[in-house]
Amino acid sequence: AVVEQARTYLHALVFGLPAIFLEMACLEVIIGVGIAQTVLFFTTLTVVFNIIASYIFIFGKLGFPALGIAGAGWGLTTGNWLTLILLISFI
């Protein structure tokens, strides 16, 4: 049962990997430019997005179905994609 739940979590998390890699690349560009305070802002924003999105998907709020552990993976994926979109628009 644990393996099945872990599989659904990791399956959802896989779709966020490109966003995580691109997000790290964008943050490194921002550090290279010399505005490290912006990195702190976007990192904090990522945490906030991840908490809110995970809450929505785990417990099924705002009309979404309750996904349980898989919702945690979808929440992290959604939060990372939202942050990446904001990072790219900032750059």
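Right above here is the structure, for reference.
The text that follows walks through the structure, step by step, so that each part is easy to find. (Residues numbered from 1 in each chain as written. Predicted model: local features only at pLDDT ≥ 70, side-chain atom pairs only at ≥ 80, totals over all residues. Heavy atoms only, no water.)

1. A few points about the packing of helix H3 (residues 36–59) against helix H4 (residues 69–90)
Think of two packed helices as two axes; the pair is described by the angle between the axes and how far apart they sit.
Item 1. Taken N-terminus to C-terminus, the directions of H3 and H4 make an angle of 145°; their axes are 7 Å apart at the nearest point. When the axes of H3 and H4 are compared, the crossing they make is right-handed.
Item 2. Among the residues making up the contact of H3 with H4, the classes are represented as 13 nonpolar, 10 polar and no charged. (Axes fitted to C-alpha atoms, helices over the stretch in contact; angles between N-to-C directions. Helix = DSSP H or I, 4+ residues; strand = E, 2+ residues; numbered from the N terminus. Left-handed = near helix turned anticlockwise from the far one by under 90°. Nonpolar A, V, L, I, M, F, W, Y, C, P; charged D, E, K, R; others polar.)

2. Re the environment of Leu17
Item 1. In this fold, Leu17 is placed in helix H2 (residues 17–33).
Item 2. According to the relative accessible area criterion, Leu17 is partly exposed, its value standing at 37%. (Buried < 20%, exposed > 50% of the residue type's maximum accessible area, 1.4 Å probe, protein only.)

3. Some thoughts on the nonpolar core
Item 1. By size, the foremost hydrophobic cluster in this structure holds 9 residues: Ala19, Cys26, Leu27, Ile30, Val39, Phe42, Leu45, Leu84 and Leu87.
Item 2. Put simply, the parts of the chain that give this core at least two residues each are H2, H3 and H4.
Item 3. For this core, the element with the highest residue contribution is H2, accounting for 4 residues.
Item 4. When residues no more than four places from it in sequence are discounted, the contact partners of Leu84 are Ala19, Leu22, Glu23 and Cys26. (Core = buried A, V, L, I, M, F, W, Y, C linked by side-chain atoms within 4.5 Å. Contact = heavy atoms within 4.5 Å.)

4. Considering the pattern of salt bridges
Item 1. Summed over the entire model, instances satisfying the criterion amount to 1 salt bridge.
Item 2. The partner of Arg7 in a salt bridge is Glu4, with the nearest N and O atoms 2.6 Å apart. With Arg7 and Glu4 both in helix H1 (residues 2–14) and 3 residues apart, this pair spans about one turn of that helix. (Salt bridge = Lys/Arg side-chain N within 4 Å of Asp/Glu carboxyl O.)

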